[in-house]
Amino acid sequence: MRLPGQIAVVFAMLAATTRGTAQTPTPPAKPADPLHAWVGLKTGSDLDVWVQQHIAEEKRLVTELLAVKGKRTPENTLELYDQAHNHLAIAANETEVLLKVHPRAAIRDKAQALDQVVSAETTSLGLNHEVYDALRVIDMTDADAATKHYVDRILLEYRLGGVDKDAATRETVRKLTDQMTEIGLKFDRNIQDDVRKITVTDAELDGLPADYIERHKPAA
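*Asks:* Sorry if this is basic, but what is going on with the overall build of the protein here?
*Replies:* Looking only at helices and strands, one finds eight helices and zero strands in the protein. In the protein, the succession of α and β elements from N to C terminus is α-α-α-α-α-α-α-α. Counting across all 220 residues of the protein, residues that qualify as buried make up 30%. A sequence separation of at least 24 residues applies to 71% of the contacts in the protein between residues at least 6 apart. For the protein, the accessible surface area stands at approximately 15000 Å², while carbon and sulfur atoms represent 58% of it.

As structure tokens, then:
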């Protein structure tokens, strides 16, 4: 079917103006409050945007860290690692809180799903051999004792996580960690959402604090 002339021209102009940018991914929108996910939170999509912004920043910082040329120092490598790791920590903390306390089930569902996404990204950073190599060769000559100890602990955690194993082993670790996260979240959610009741005798309440018994009077 032939389009009317004017409409065809409009489509041609749109194609011409967007052809050069079609492959450029749209960066995630910046949240109203980068530290507190609940600010302005109305839907699960809002939380998704908030979390994806932190993950995008973590990835950007890791890319910047790996692009460093010349001697690696605490200033040009360790600080970037700290910032990247901090973005994931903030995202993890906020999604876990919302999973536990938000009154709306839809938000709790989204928080649970995103908590798993953040955990997977954290595992990926912990198994990133290039990041490990970058941290390992930082020139610590002028660093103070606390910084040296801190870097030693980071490198130890990387090795305990399996970063120095072969690619197949690291992939196995990644899959097992993701599986543990999923099972753990489901386990916690089952406890959190459980509203079942039990029936006990007076004798079975012996030893419980009086204020607890007062708050749990028998139902009809």
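*Asks:* For this particular structure, what's the right way to read the packing of aromatic side chains?
*Replies:* Aromatic ring pairs are reported here in terms of the distance separating the ring centres and the angle at which the planes meet. Taken as a whole and judged by the stated rule, the model has two aromatic pairs. Both rings, one in Tyr81 and one in Tyr158, keep their centres 6.2 Å apart while their planes meet at 50°; by these two values the pair is tilted. With a gap of 77 residues between them, Tyr81 in helix 3 (residues 74–101) and Tyr158 in helix 6 (residues 145–160) connect regions that are remote in the sequence. Taking the relative accessible area as the measure of exposure, Tyr81 reaches 7% and is therefore buried. One aromatic cluster is present, formed by Tyr81, Tyr132 and Tyr158 through successive ring pairs.

*Asks:* Sorry, what's going on with the pattern of salt bridges here?
*Replies:* Note that side chains of opposite charge can pair when their charged atoms are close. Taken as a whole and assessed by the stated rule, the structure comprises eleven salt bridges. Among the salt bridges present, the one from Arg136 reaches Asp133, with a minimum N-O distance of 3.0 Å. Within this pair, Arg136 and its partner Asp133 are both found in helix 5 (residues 129–136), separated by three residues, close to a single helical turn.

*Asks:* I tried to follow a nonpolar patch on the surface on my own but got confused; where do I start?
*Replies:* Nonpolar side chains collect at one region of the surface, where Leu208, Tyr212 and Ile213 lie side by side and expose about 230 Å² of accessible area between them. In this fold, Ile213 is placed in helix 8 (residues 210–215).

*Asks:* Help me understand the nonpolar core in this model?
*Replies:* Soluble globular proteins tend to bury their nonpolar side chains together. Counting 38 residues, the largest nonpolar core has Leu47, Tyr81, Leu135 and Tyr158 as the members making the most contacts within it. Within the residue set of this core, elements represented by two or more residues are helix 2 (44–66), helix 3, helix 4 (105–126), helix 5 and helix 6. Of the residues forming this core, the biggest block, ten residues, is contributed by helix 3. Those residues in contact with Leu47 that sit more than four places away from it in its chain are Ala37, Leu41, Leu98, Ile107, Lys110, Ala111 and Leu114.

*Asks:* Could you clarify how one ought to interpret the side chain of Thr77 in this entry?
*Replies:* As for its placement among the helices and strands, Thr77 is situated in helix 3. Judged by its relative accessible area of 0%, Thr77 falls in the buried class. Once residues within four sequence positions are removed from consideration, Thr77 is found in contact with Leu65, Arg72, Ala134, Leu135 and Ile138.

*Asks:* Is there a simple way to explain the environment of Val131 in this structure?
*Replies:* Within the element layout of this structure, Val131 appears in helix 5. Residues Val131 and Tyr158, 27 residues apart in the sequence, show an inter-C-alpha distance of 9.7 Å. Non-local contacts of Val131, meaning those with residues more than four positions away in its chain, are made with Val62, Leu66, Tyr81, Leu125 and Tyr158.

*Asks:* Would you explain the packing of helix 2 against helix 3 in this entry?
*Replies:* What describes two packed helices is the angle between their axes and the distance between those same axes. One way to put it is that helix 2 packs onto helix 3 with a least axis distance of 8 Å and a crossing angle of 165°. Compared by their axis directions, helix 2 and helix 3 come out roughly antiparallel. Our pair here, helix 2 against helix 3, has a crossing hand that is left-handed. Along the contact surface, helix 2 presents Leu47, Trp50, Val51, His54, Ile55, Glu57, Glu58, Leu61, Val62, Glu64 and Leu65, while helix 3 presents Thr77, Leu80, Tyr81, Gln83, Ala84, His87, Leu88, Ile90, Ala91, Glu94, Thr95 and Leu98. In the contact of helix 2 with helix 3, the residues fall into 14 nonpolar, five polar and four charged.

Conventions adopted
- Residues numbered from 1 in each chain as written.
- Predicted model: local features only at pLDDT ≥ 70, side-chain atom pairs only at ≥ 80, totals over all residues.
- Heavy atoms only, no water.
- Helix = DSSP H or I, 4+ residues; strand = E, 2+ residues; numbered from the N terminus.
- Buried < 20%, exposed > 50% of the residue type's maximum accessible area, 1.4 Å probe, protein only.
- Contact = heavy atoms within 4.5 Å.
- Areas by Shrake-Rupley, 256 points an atom, 1.4 Å probe, with all protein chains shown as cover.
- Phe/Tyr/Trp six-rings, centres within 6.5 Å; stacked < 30°, edge-to-face > 60°.
- Salt bridge = Lys/Arg side-chain N within 4 Å of Asp/Glu carboxyl O.
- Patch = residues over 30% accessible without salt bridge, like charges linked within 9 Å, V, L, I, M, F, W, Y side chains within 5 Å.
- Core = buried A, V, L, I, M, F, W, Y, C linked by side-chain atoms within 4.5 Å.
- Axes fitted to C-alpha atoms, helices over the stretch in contact; angles between N-to-C directions.
- Parallel < 35°, antiparallel > 145°, perpendicular 65-115°, else oblique.
- Left-handed = near helix turned anticlockwise from the far one by under 90°.
- Nonpolar A, V, L, I, M, F, W, Y, C, P; charged D, E, K, R; others polar.

These figures come from the coordinates and say nothing about function on their own.
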